[in-house]
Amino acid sequence: MKLTDIMKELEAEVKCCEQHLNREVTWCYCSDLLSDVMANASKDSVWITLQTHPNIVAVASLIGLSAILISRGAVPDPETIEKASQENIPVLTTNLPTFEAAGRLYSLLSKQH
Amino acid sequence: MNQSNPAAKDVTLEYPVKGMDFLAAGEASSNIKHALQLVGFSPEIIRRVAITAYESEMNIVIHAYEGVLRTVINPEKIVLTAEDTGPGIAEIELAMKEGYSTAPDHIREMGFGAGMGLPNIKNCADEFTIDSTPGKGTKLRVVIYNK
């Protein structure tokens with residue numbers, strides 16, 4: 001499944017790297033703890049978080065995540081968008097809270113497994 | 001391996017890391033990761049080094065005044081050292097426990113300071129040593145074998 005295939009269901013908006021929305025998504029990880037994501041998220045996952053500061057970009061880039069989805073209407077810092085554009089990490093936002101976004105994504109992704 | 005000069009094929013990458021510089025945080029680790037990708041290490045080795053480098057880098061940013069992140073790469077192994085001047089760690093055994101952290105609240109709100117950094121590093125390491133002198137600083141050394 002590609003990022004473009006999940007945007008509508010997640011009611012997501014793209015904040016940067018629209019050109020990379022053809023990237024594969026295989027799974028998802030939900031956490032607001034950066035070390036937890038580093039240790040436990042698998043490559044090509046979407047990361048759902050409430051964190052909005054630029055350090056989330058390095059985490060996503062280092063472990064090869066396909067995108068960051070910022071939930072519950074939280075707004076990414078301008079520095080986050082700038083850094084994500086440099087590192088080619090799509091940043092998406094949604095008004096859905098983490099549980100609902102994750103639930104919808106789980107339905108979509110588990111169909112393909 | 002029989003070699004007259006084993007250091008000849010080593011590649012050393014060295015990056016200064018500044019305490020509390022959250023904007024530059026992660027850049028040293030990114031550079032190390034990209035270097036390993038260029039050399040052609042396996043994704044699993046790269047992931048382990050990337051996690052080790054990032055957690056070590058963030059430990060300096062969060063806890064120390066300044067430090068150096070050094071990676072020595074050769075075909076057999078990757079040796080990563082993080083050496084800082086800073087407050088040091090009073091009780092290393094406690095610091096190694098998952099969930100234990102001395103990070104202040106404003107750092108925790110950013111999603112750091114979950115007490116997972118050192119345990120994460122240890123999980124990724126084939127060899128792990130940490131030495132610290134309270135009031136002076138900390139030195140961490142990790143070896144990851146390319147196998």
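What counts as what
Per chain, the residues get numbers from 1 upward, laid out in the order the sequence is written. As a convention, the first chain written is A and the first ligand written is 1, with the rest following in written order. Given that the model is predicted, a residue must reach a pLDDT of at least 70 before its local features are reported, and side-chain atom pairs must reach 80 or more before they are shown or counted; all residues, however, enter totals for whole chains, interfaces and linings. Only heavy atoms go into the side-chain values, all of them from the structure, while hydrogens and water stay out. The cut-offs for exposure are 20% and 50% of the maximum accessible area for each residue type, with area from a 1.4 Å probe on protein chains only; residues under the lower value are buried, those over the upper are exposed, and the others partly exposed. Note on conventions: DSSP H or I runs of at least 4 residues are helices, E runs of at least 2 residues are strands, and numbering of each starts at the N terminus. In what follows, residue pairs with any heavy atoms lying within 4.5 Å of each other are defined as contacts. Side-chain rings of Phe, Tyr and Trp (the six-membered ring for Trp) are treated as a pair once their centres are within 6.5 Å; stacked means planes under 30 degrees apart, edge-to-face means over 60, and tilted covers the remaining angles. Throughout this description, the term salt bridge denotes a Lys or Arg side-chain nitrogen within 4 Å of a carboxyl oxygen of Asp or Glu. Note that the arc is computed from the directions linking the helix axis to the C-beta atoms.

### Some words on helix α5 (residues 117–124) of chain B
Counting buried residues in α5(B) gives six out of eight residues, a clear majority hidden from the surface. For α5(B), the full list of buried residues reads B:Gly117, B:Leu118, B:Pro119, B:Asn120, B:Ile121 and B:Cys124. Packing partners of the buried residues in α5(B) comprise α2 (34–40) of chain A together with α2 (43–63), α3 (92–95), β4 (127–133) and β5 (137–145) of chain B.

### Some words on the packing of aromatic side chains
All names here are of chain B. Per the counting criterion, the structure on display carries two aromatic pairs over all chains. Note on Phe22 and Phe112: the rings are 5.8 Å apart at their centroids and 40° apart in plane angle, and the pair reads as tilted. You can see Phe22 sitting in the loop between β1 (11–18) and α1 (27–39) and its partner Phe112 sitting in the loop between α4 (105–108) and α5, a full 90 residues away along the chain. Phe112 carries the same exposure label as Phe22, and that label is buried.

### A word on the pattern of salt bridges
Inspection of the entire model under this criterion finds 10 salt bridges over all chains. Put simply, A:Lys43 and A:Asp44 hold a salt bridge, and the shortest N to O gap is 3.6 Å. According to the relative accessible area criterion, A:Asp44 is partly exposed, its value standing at 23%. With its nearest N and O atoms 3.8 Å apart, the salt bridge here joins A:Lys83 to B:Glu27. Of the two residues, A:Lys83 sits in helix α4 (residues 78–87) while B:Glu27 sits in helix α1, which places them in two different chains.

### Focus on the environment of B:His63
Residue and element names in this part refer to chain B. Locating His63 in the fold gives a position in helix α2. When its relative accessible area of 31% is taken as the criterion, His63 is described as partly exposed. Taking the C-alpha atoms as reference points, His63 and Ala24, 39 residues apart in sequence, are found 15 Å from one another. Residues contacting His63, with those up to four places away along its chain left out, are Pro87, Thr102 and Ala103.

### Looking at α4(A)
Along α4(A), the positions that sit buried rather than exposed are A:Thr80, A:Ile81, A:Lys83 and A:Ala84. One side of α4(A) holds all its buried residues, which, seen down the axis, span an arc of 165°. Opposite the buried face of α4(A), by more than 90 degrees, sit the exposed residues A:Pro78, A:Glu82 and A:Gln86. Where the residues of α4(A) are buried, they touch β1 (12–16), α3 (55–62) and β5 (91–94) of chain A together with α1 of chain B. After α4(A) finishes, the residue A:Asn88 shows a positive phi value of roughly 60°.

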